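# Per-entry structural report
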Amino acid sequence: MPNVVCGGCYSGQAIMWDLSEAMGEIERKKQDKKSKDDRNDDDEGEERPIVQHSAMSHIDTSHKRMVADMAWLPPESQVN
């Protein structure tokens with residue numbers, strides 16, 4: 001399962017985050033915590049990783065209005 005999140009901005013830009021590294025870090029922390037202490041399953045107070053965007057469309061070549069919807073196209077699709 002891909003760990004990619006895409007979103008649209010009010011500025012008309014599209015933005016993409018790749019969460020693969022962050023998800024791996026969370027899983028490692030869960031395993032470390034589980035091996036150290038099985039008594040408490042509360043993750044309150046734990047830090048969440050900050051994820052920087054992987055890609056963002058340039059403001060000058062983006063839509064002029066906000067992006068309200070996105071659709072994934074199959075790999076064999078062609079846009080003319």
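The structure under discussion appears in the preceding block.
Quantities reported herein were computed from a predicted structural model and do not represent experimental measurements.

### What about the overall build of the protein chain?
- Helix and strand content of the protein chain: one helix and three strands.
- For the protein chain, the succession of helices and strands along the chain, N to C, is β-β-α-β.
- When contacts within the protein chain are restricted to residue pairs at least 6 apart in sequence, long-range pairs at least 24 apart make up 60% of them.

### Some thoughts on the pairing of strand 2 (residues 14-18)
- Examined bridge by bridge, strand 1 (residues 4-8) and strand 2 share five bridges and lie antiparallel to one another. By the bridge assignment for strand 2, Gly-8 is matched with Ala-14.
- Turn length for the strand 1-strand 2 hairpin, with the two strands adjacent in sequence and antiparallel, is five residues, and the turn residue Gly-12 shows positive phi of about 100 degrees.
- Pairing geometry for strand 2 and strand 3 (residues 55-56), over two bridges, is antiparallel. Looking across to strand 3, one finds that Ile-15 is bridged to Met-56.

### Overview of the sheet that holds strand 3
- Across the sheet, three strands lie side by side as 1-2-3; this open sheet has antiparallel pairing. Where the open sheet ends on each side, the last strands, each with one partner, are strand 1 and strand 3.

### Considerations on the pattern of salt bridges
- Summed over all chains, the structure comprises one salt bridge.
- Glu-25 is paired through a salt bridge with Lys-29; the nearest N and O atoms lie 3.5 Å apart. Here Glu-25 pairs with Lys-29, and both are found in helix 1 (residues 20-36), just four residues apart, close to one helical turn.
- The class for Glu-25 is partly exposed, based on a relative accessible area of 28%.

### Some words on the side chain of Ser-62
- One can find Ser-62 in the segment after strand 3.
- Among the residues examined, Ser-62 registers a relative accessible area of 11% and is labelled buried.
- Within polar-contact distance, the side chain of Ser-62 engages the side chain of Ser-57 at 3.0 Å.
- In this structure Ser-62 touches Gly-12, Gln-13 and Ser-57, once residues within four positions along its chain are discounted.

### Quick look at the environment of Gln-52
- Of note, Gln-52 is situated in the loop between helix 1 and strand 3.
- Separated by 34 residues in the primary sequence, Gln-52 and Asp-18 have C-alpha atoms spaced 8.4 Å apart.

Parameters at a glance
- Starting afresh in each chain, residues are numbered from 1 along the sequence in its written order.
- The predicted nature of this model means local features are confined to residues of pLDDT at least 70 and side-chain atom pairs, given and counted, to a pLDDT of 80 or more, with totals for whole chains, interfaces and linings taken over all residues.
- Side-chain figures throughout are based on the complete set of non-hydrogen atoms in the structure, without hydrogens or water.
- Helix and strand assignments come from DSSP, with helices taken as H or I runs of at least 4 residues and strands as E runs of at least 2, each series counted from the N terminus.
- In this analysis, two residues are considered to be in contact whenever any of their non-hydrogen atoms come within 4.5 Å of each other.
- Each pair of strands is called paired provided DSSP finds at least two bridges between the two strands.
- A carboxyl oxygen of Asp or Glu within 4 Å of a side-chain nitrogen of Lys or Arg is what we treat as a salt bridge.
- Exposure classes here rest on a 1.4 Å probe applied to the protein chains alone. A residue is buried below 20% of its type maximum, exposed above 50%, and partly exposed in between.
- We call two N or O atoms a polar contact when they sit within 3.5 Å, provided that within protein one can donate a hydrogen and the other can accept it, with sequence-adjacent residues counted only if both atoms are side-chain atoms.

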